[in-house]
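# Descriptive analysis of the structure
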Amino acid sequence: MRTSVVAPYAAYLRVYEPLAAFPEPERERWAAYVATQPTGTPASPEAPSPAGLTAQEHRSGLENLLATPPVIAPPHESEDAYVHVLDGVTVICPRQTRLRCWTALAELRREYPAAVLDVFWPRMVIDQAHVEHERWKSAHPDVHPHIHSSTWHVPVRWFVLFAPEERVLVPAAEDASAGPGELYYRTPMVQARRRVARALKVLRETVEDGALITGLENVGRWLEEFHPRALVELDYGGLVRLLGTGDPATENSVADVAEGIAALGSGDGARASAAYRRITERWQSVRALEHAS
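Within the chain one finds 10 helices and 7 strands. The buried share of the chain, taken over its 293 residues, is 42%. Taken as a whole, the chain presents about 15600 Å² of accessible surface, with 55% of it coming from carbon and sulfur.

Structure follows, in structure tokens:
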């Protein structure tokens, strides 16, 4: 079922893997989960949409943070997953809510001093979550998050993984308050890896080392952790509501990134700069809304 609940202003990069990629007994559990999806068909209209599942997750997260004491990460891992069908094969993306909460906390600990984090959570709660994460990592060294998220913008490096023709638009519900619809890009893993490799080759030959190259290298390493027959999905999430025109069909950052890389590869610096400028200006205007009152 579709939902009119507004998703948070975040975008998501997800990897869906075939059941064969999961070890037993996890594989058996996911197979049973897929079989219980509405009408037994993961792609059916009755199945929960990614937007609906994300909205549910957002509500649960708010409830945990407002609890006394606050809960940074749920005590048990999520038993739900996003489900899709790729070339007739069911692929799933485990939500891994607890792991993603731990990962987000680790990133915050690296980015901000403890005095800043103490404003948001009691030190004891932060330390306990950190200890639980470290204990879990030591027992599961080969498990990686299937989902990355980004608030208030889509990182430029994510656009590299997709082609303009891979855009998927889900029309808005009849209720206008539900927003402009949903916007995704989806591509097979083999294509995503190929595009990352090509882009890195061009960038290393034409620009100085910097955040774009480092970030794209990190994305490439992350993709290598998954099954070669996986599906990669970019979900604009709640950010689709912030696009300047209000029409998801006019959002062409993927095309701009592809044009910029092609221009760099052909030595056309002016065309590459123009494409990069369009992307920067577009997402600067979205990020500025974070501080709007």
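With that settled, the discussion passes to the pairing of strand 6 (residues 182-188). Of all 7 residues that make up strand 6, 6 are buried, and the element is covered over most of its length. Two elements, strand 5 (residues 167-170) and strand 6, share 4 bridges in a ladder whose sense is antiparallel. Directly across from Arg167, in strand 6, lies its bridge partner Tyr185. Relative to strand 7 (residues 231-235), strand 6 runs antiparallel, the two being bridged by 5 bridges. In the strand pairing of strand 7, Arg186 is matched with Glu233.

Considering soluble globular proteins, one finds that nonpolar side chains tend to be buried as a cluster. In this structure, Val154, Leu161, Leu223, Leu234, Tyr236 and Trp283 are the most contacted members of the largest nonpolar core, which totals 39 residues. Counting only elements with at least two residues in this core, the list comes to strand 1 (10-18), helix 6 (156-159), strand 6, helix 7 (189-206), helix 8 (211-223), strand 7, helix 9 (253-265) and helix 10 (269-287). Counting residues per element, this core draws most heavily on helix 7, which supplies 7 residues. The residues touching Leu223, leaving out its near neighbours within four places in the chain, are Val15, Leu161, Met189, Ala192, Arg193, Val196 and Val232. If you look at the next biggest cluster of nonpolar residues, it comprises 10 residues, including Tyr12, Tyr16, Tyr82 and Leu231.

We now examine the packing of aromatic side chains. One pass over the structure, following the stated rule, counts 9 aromatic pairs. Here the aromatic rings of Tyr9 and Trp152 are separated by 5.0 Å at their centres, their planes lie at 50°, and the arrangement is tilted. Placement of the pair is Tyr9 in the segment before strand 1 and Trp152 in the loop between strand 4 (147-151) and helix 6, with a sequence separation of 143 residues. Assessed through its relative accessible area of 16%, Trp152 is described here as buried. When the centroid spacing of 5.4 Å and the interplanar angle of 85° are considered together, the rings of Trp222 and Phe226 count as edge-to-face. Using a relative accessible area of 8% as the deciding quantity, one classes Trp222 as buried. One Lys or Arg, Arg14, reaches over the ring of Tyr82 and ends 4.1 Å from the middle of that ring. Over the ring of Tyr184 we find Arg186, and its NZ or CZ is 4.4 Å from the ring centre.

Below, the discussion takes up helix 8. Here helix 8 spans 18 Å end to end across 13 residues, near enough to the 18 Å set by a 1.5 Å rise per residue. Those residues of helix 8 that sit buried are Ile213, Gly215, Leu216, Val219, Gly220, Trp222 and Leu223. Buried residues along helix 8 sit in contact with strand 1, strand 4, helix 6, helix 7 and strand 7.

Definitions and cut-offs
Residues numbered from 1 in each chain as written. Predicted model: local features only at pLDDT ≥ 70, side-chain atom pairs only at ≥ 80, totals over all residues. Heavy atoms only, no water. Helix = DSSP H or I, 4+ residues; strand = E, 2+ residues; numbered from the N terminus. Buried < 20%, exposed > 50% of the residue type's maximum accessible area, 1.4 Å probe, protein only. Areas by Shrake-Rupley, 256 points an atom, 1.4 Å probe, with all protein chains shown as cover. Pairing = 2+ DSSP bridges. Core = buried A, V, L, I, M, F, W, Y, C linked by side-chain atoms within 4.5 Å. Contact = heavy atoms within 4.5 Å. Phe/Tyr/Trp six-rings, centres within 6.5 Å; stacked < 30°, edge-to-face > 60°. Lys NZ or Arg CZ within 6 Å of the ring centre and 35° of its normal. Expected span 1.5 Å × (residues − 1).

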